[in-house]
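# Summary of the model geometry
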Amino acid sequence: MPSASPSTSSGRPADLVSRLASPDRGARLRALRELKNQIIGNRTKKLAYLKLGAVPAVAAVLADASDDGDGDGDGDGSCCCRRHDLLVQSAAALGSFACGVDVGVRAVVDAGALPWLRRLLVSPDEKVVDSGARSLKMIYQSKLAPKYDFLDHQNLEFLLSLLNSKNDNVTGLGASIITHSCQTSAEQWALYEAGVFQKLVDLIGGSVSQRDASLESLTAIIKNNHEVTPKILEFENGRALNLIIKFTIDKSPRTRLLACACLIAVSKTSSRYVEGIELESKLIYRLLELLEDPGQVGDEASFALSSLIEEKEDLQKLAFEANAINKLCFHLQNGLSCPKRLQGILQALANICSKLEICRSKLLDLQAFDLVSDALRHDCTDIRVAACICLRSLSRSVKNLSAGYFMNETVIIPLLQLLHDPSISVQLAALGAISNIVIDFTRRKSNFIHCGGVKLLAELSMAMDPVVRSHSLRALKNLTFLADRKCKEVVLSEITASALASLIRDPESAVQEQALALVRNLVDGCVQSVDYAFTENGIILDAIGRQLQYASKAEIGIQGMYALSNIASGSKVQKDAVMDQLFQHGGMNTQPFIMRFLHSNDNQLRTASIWVLINLTTSYCPGAAGRVLKLRNAGIILQLKSMVNDPCLDVKLRVRATLSQCMKYGDSTM
Amino acid sequence: MAQVTFLVKLIMRGSSKKVITKEDWEKRLNDVKIRKEDMNKLVMNFLVTEGFVDAAEKFRKESGTEPDIDLSTITDRMAVKKAVQCGNVEDAIEKVNDLNPEILDTNPQLFFHLQQQRLIELIRNGKVEEALEFAQEELAPRGEENQSFLEELERTVALLAFEDVSNCPVGDLLDMSQRLKTASEVNAAILTSQSHEKDPKLPSLLKMLVWAQNQLDEKAIYPRIKDLSTAKLEDPSAS
């Protein structure tokens, strides 16, 4: 009897693996059973044996036993029995290696075991079928399983045969394959046309395992598919929908969760089926109740809730009224040992607080803020991301931003540390939160500066990843919004004018846009602010002009023109410099970009362009006559005259204001 | 069962506290019809869930009631339960894996409890060195894989620290009740894997009776069943 032997002692496990290749069938069978019993339930042993190459060895046993015809050579009854045992045990061992262990799944697939396992499904022996079906099911529960091509006719036939089987394990396998591989709407449609969903609806009324597996598969077929979903739901006057709703109050928590998940998919795809039956409200209550489950179901319930209320203000309100925030914060406070659950709770809180101030206030009242900011330092990457997203939601609270709630070291320091995080998604999530927090209205931005925030953001603005670049520029833009000179000077000195100029000409348009917006905020205000555009020989101003000449996207034009209009609100020298930018770029035959923008369909772009003209032609500043003349010669005034009845009110009023300013300088006959 | 149906009917009527004589009560009870088939099913369900194979087989022959589960699977399940109850945990594990290899792979808590029981048996048999090795090789990784097991792990390992194990704070782990607890857990897991309810229906029915009587106590004085095992109707006494 094998006693508890140390797996570290060399020889024993390796010895077992080599026995799998023994010429004697009996010895192979014994080795298989020993291996199987050692690895089942024991992740550590699975990994150890994987390293020793156990999977290819077991796969070889399976292939060998499958190859033998029934009753070979000596026609001995025990031989056939032994072959059956070898099939069952090797399949079970492979299934166990694949159970919850991604490396194991890969090893089984790489060892070419899948075709052999599939063959077991047509065996006359029920135990062999069971064994094969269970193992394949384990494999298909992993993302690493090979994709099943539903668009292939033979594959579809095979799948249907699985679903039609009387064997629980086999139907479960069919359902697992669908859940795993059904992704595109073409596949969903193919499955619908083949009558798969009818089978699944029937199976929902079957045993517990069939029911759970079918609910999951139905969700996969329904997800985001606007054509298939209504058909499924209208089937037999809504029998399917009623059945799923019934199971949201089943005894088994897992069934309730899966039924809820299915209904969430329905509600996201075609909300008309859930309107009027108050289904979404019931779903919220069910999910909040499922949160109480201590196991995996409870973990997943928070993700389901999160998905249900995402972007939906009315549902967030319903959840608030159902006391969701109290319940979520309660779980947050209870020292969760499971990282998955913590991530789910944070994500749910992030979503519920994303639009409504009442939700944010409630969370802050419950003193849960510290728990959220503590999670910024968690070991698990996903949790750090979730905590940042939650903070971003909370920092949308204008009331608390104004009170300076977030601009303190307990929040800023861990957030800034995350800007160095090895994971890009953490960096981006942290940037999201920072972008909101720096819009601090109490003018306590010095806190942020002292913690080295500006330096870090400036560094990130030169990151390899373009999304990181644009997000960090956005944060800097928000920081400089209505900021004092001291703050602006720090920003400019950290980022440097030449770097900013190159970011204005960045290959990615999102980066260009944020860079221009940052300049817009920097130069906004007094004459000294406008001067920032002229540092290092006007490199920034020049970059703006160049970029606008080639700008194709309206957003770039808008930010650039507002930046120019801020600069044009300065002194004569500054206004003249803007004039130069308007006309010096482009060749002889190219239209000045301002003309192009005035012709744009985008209201905001036309508005921004007029603002530049208003500021350039204002009579309080010397040199206005010269500027107006130049504009007239370029046909701009004529263009403005054609816009006096522009459909956009902002544009119309500004055009008229500009024209009335220009009138002072004489008007050649129109 | 008639008592339950009758009680529920009375409660629904919502009368003020009235007295019902035993004679009157028994007469009304007789009027309530319970189908024999339903009772047979309840009995069969009880025998099957609890694992009384021979009794279930005999009952099927004598009453013609079909069990809702294949009786041969009961034998396998009972073998596992018995092995645990006798302290042969390793044997039990092998049997469960033969029955359905998914069970222990998808039930980390159950697997941990079985390993824990193995350790307890080693300690009970005085095999201290082997126990230490086992704890290190088999149980410690479980604690690493899943933090929620750590507390129980510590308790179990604490057994090793005491000379007189029967008198130590964690001595309850050596009780027969611990074996029975583990055996019951395994039994439930096997039943669940076979898509069968892990609890028999009969206890639920009795619980319903107790609840209904408690409800009715507020409205009437009537012959109660105090002893569930005899189901004897007590004389109604004015309170």
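Residues numbered from 1 in each chain as written. Chains lettered and ligands numbered in written order. Predicted model: local features only at pLDDT ≥ 70, side-chain atom pairs only at ≥ 80, totals over all residues. Heavy atoms only, no water.

With that settled, the discussion passes to the overall build of chain A. A count of helices and strands for chain A gives 42 helices and zero strands. A globule of 670 residues ought to have a C-alpha radius of gyration of about 26 Å, yet chain A, at 33 Å, is considerably larger. Principal-axis analysis of the C-alpha atoms places the extent of chain A at approximately 115 × 60 × 55 Å. Put simply, 70% of the contacts in chain A that link residues at least 6 apart link residues at least 24 apart. For chain A, the accessible area works out to roughly 28,400 Å², and carbon and sulfur atoms hold 52% of it. Computed over 74 positive and 70 negative side-chain charges, the inter-centroid distance for chain A is 5 Å. (Helix = DSSP H or I, 4+ residues; strand = E, 2+ residues; numbered from the N terminus. Rg over C-alpha atoms; globule rule 2.2 N^0.38 Å. Contact = heavy atoms within 4.5 Å. Areas by Shrake-Rupley, 256 points an atom, 1.4 Å probe, with all protein chains shown as cover. Lys, Arg positive; Asp, Glu negative; His and termini not counted. Charge placed at Lys NZ, Arg CZ, Asp CG, Glu CD.)

On to the confidence of the model for chain B, then. Mean pLDDT for chain B: 88, with 97% of residues reaching 70 or above. Scored as a whole, the predicted complex attains pTM 0.80, and scored at its interfaces, ipTM 0.77. (pLDDT = per-residue confidence, 0-100.)

The subject of this paragraph is the UniProt feature "domain: CTLH" (unreviewed entry) in chain B. The positions UniProt marks with the feature "domain: CTLH" (unreviewed entry) are residues 73-130 of chain B. Counted over residues 73-130 of chain B, helix gives 83% and strand 0%. Its end C-alpha atoms are 34 Å apart. (UniProt positions renumbered as here; feature names shortened; annotations may be inferred.)

Another aspect to go through is the environment of A:Glu193. Residue and element names in this part refer to chain A. The topology assignment puts glutamate 193 in helix α11 (residues 185-193). Residue classification places glutamate 193 among the exposed residues on the basis of a relative accessible area of 58%. Spatially, the C-alpha atoms of glutamate 193 and valine 228 are 9.3 Å apart, while their sequence positions differ by 35 residues. (Buried < 20%, exposed > 50% of the residue type's maximum accessible area, 1.4 Å probe, protein only.)

To characterise two packed helices, one gives the angle between the axes of the helices and the distance between these axes. Residue and element names in this part refer to chain A. Direction vectors running N to C along helix α1 (residues 12-19) and helix α2 (residues 25-39) enclose 135°, while the axes themselves pass 8 Å from each other. Accordingly, the angle class assigned to the pair α1 and α2 is oblique. Between α1 and α2 lies a crossing whose hand is left-handed. Residues Arg12, Leu16 and Arg19 of α1 pack against Ala27, Arg28, Ala31, Glu34, Leu35 and Gln38 of α2. (Axes fitted to C-alpha atoms, helices over the stretch in contact; angles between N-to-C directions. Parallel < 35°, antiparallel > 145°, perpendicular 65-115°, else oblique. Left-handed = near helix turned anticlockwise from the far one by under 90°.)

Looking now at the interface of chain A and chain B. Chain A puts 32 residues into the contact, and the matching count from chain B is 23 residues. Here chain A meets chain B over a buried area of about 2,200 Å², counting both sides, of which 43% is carbon and sulfur. Inspection of the region where chain A meets chain B yields seven salt bridges. The partner of B:Asp98 in a salt bridge is A:Arg33, and the shortest N-O contact between them spans 2.5 Å. Those elements that place two or more of their residues in the side of chain A that touches chain B are α2, α3 (43-51), α5 (77-98), α8 (126-140), α10 (168-181) and α13 (208-222) of chain A. For the side of chain A that touches chain B, the residue count by class is ten nonpolar, twelve polar and ten charged. (Buried area = accessible area lost by both parts, 1.4 Å probe. Salt bridge = Lys/Arg side-chain N within 4 Å of Asp/Glu carboxyl O. Nonpolar A, V, L, I, M, F, W, Y, C, P; charged D, E, K, R; others polar.)

On to the side chain of A:Asp212. Residues and elements named next belong to chain A. Its place among the elements puts aspartate 212 in helix α13. Within the structure, aspartate 212 has its side chain in polar contact with the side chain of threonine 255 (distance 2.8 Å). When near neighbours in sequence (up to four residues on either side) are disregarded, aspartate 212 contacts Arg254, Thr255 and Leu258. (Polar contact = N/O pair within 3.5 Å; in protein donor to acceptor, adjacent residues only side chain to side chain.)

So, on to the domain arrangement of chain B. All names here are of chain B. When its domains are assigned, chain B resolves into domain 1 (2-66 + 199-238) and domain 2 (72-193). Across the contact, five residues belong to domain 1 and seven residues belong to domain 2. Considering only the side of domain 1, the residues that lose the most area to domain 2 are Val48, Thr49 and Val53, jointly responsible for 66% of the buried surface there. If you look at where domain 1 meets domain 2, you find zero salt bridges. Across the contact surface, domain 1 and domain 2 share two residue pairs in polar contact (both at pLDDT 80 or more). Ranked by residue count, the leading element in the side of domain 1 that touches domain 2 is helix α3 (residues 36-50), at three residues. (Domains from an automatic or database assignment.)

Taken together, the side chains of B:Leu202, B:Leu206, B:Val210 and B:Leu228 make up a nonpolar region of the molecular surface, amounting to roughly 270 Å² of accessible area. The residue B:Val210 is located in helix α12 (residues 201-217) in this model. (Patch = residues over 30% accessible without salt bridge, like charges linked within 9 Å, V, L, I, M, F, W, Y side chains within 5 Å.)

Moving on: the state of the cysteines. Residues and elements named next belong to chain A. Tallied over the entire structure, the rule returns zero disulfides over all chains. Just so you know, cysteine 451 is unpaired, no disulfide at all, and the nearest cysteine sulfur is the one on cysteine 487, 13 Å from it. The thiol sulfur of cysteine 621 is not disulfide-bonded, and the nearest other cysteine sulfur, from cysteine 662, lies at 14 Å. (Disulfide = S-S within 2.5 Å.)

Now for the packing of aromatic side chains. Residue and element names in this part refer to chain A. Tallied over the entire structure, the rule returns twelve aromatic pairs over all chains. Taking 5.5 Å as the distance between ring centres and 55° as the angle between the ring planes, the aromatic pair formed by tyrosine 148 and phenylalanine 150 counts as tilted. Take tyrosine 148 and phenylalanine 150: they sit in the same class, and that class is buried. Between tyrosine 192 and phenylalanine 197, the ring centres sit 5.2 Å apart and the planes meet at 20°, which makes this aromatic pair stacked. (Phe/Tyr/Trp six-rings, centres within 6.5 Å; stacked < 30°, edge-to-face > 60°.)

Once that is clear, we can look at the confidence of the model for chain A. Residue and element names in this part refer to chain A. In the predicted model, chain A carries a mean pLDDT of 89, and the fraction of residues at 70 or more is 93%. Low pLDDT (under 50) marks residues 1-11, which in the prediction has 13 contacts with non-local residues, meaning those over four places away or in another chain. The low-confidence segment residues 70-75 (pLDDT under 50) makes four contacts with residues lying over four places distant or belonging to another chain.

Helical geometry note: an α-helix holds 3.6 residues per turn, so side chains three or four residues apart project in the same direction. All names here are of chain A. Relative to the 20 Å expected for 14 residues at 1.5 Å per residue, helix α21 (residues 339-352) spans 20 Å between its end C-alpha atoms, a close match to the ideal helical length. With respect to burial, α21 is a largely interior element, eleven of its 14 residues being buried. By the burial criterion, the buried members of α21 are Arg341, Leu342, Gln343, Gly344, Ile345, Leu346, Ala348, Leu349, Ala350, Asn351 and Ile352. If you follow the buried residues of α21, they end up packed against α18 (296-309), α19 (313-321), α20 (324-333), α22 (357-365), α23 (369-374) and α24 (381-394). (Expected span 1.5 Å × (residues − 1).)

Here we come to the nonpolar core. Ranked by internal contacts, the top residues of the largest apolar core, which has 222 residues, are A:Ile178, A:Leu349, A:Leu415, A:Phe448, A:Ile544, A:Met561 and A:Leu564. Top element by residues in this core is helix α16 (residues 253-269) of chain A. It accounts for nine residues. (Core = buried A, V, L, I, M, F, W, Y, C linked by side-chain atoms within 4.5 Å.)

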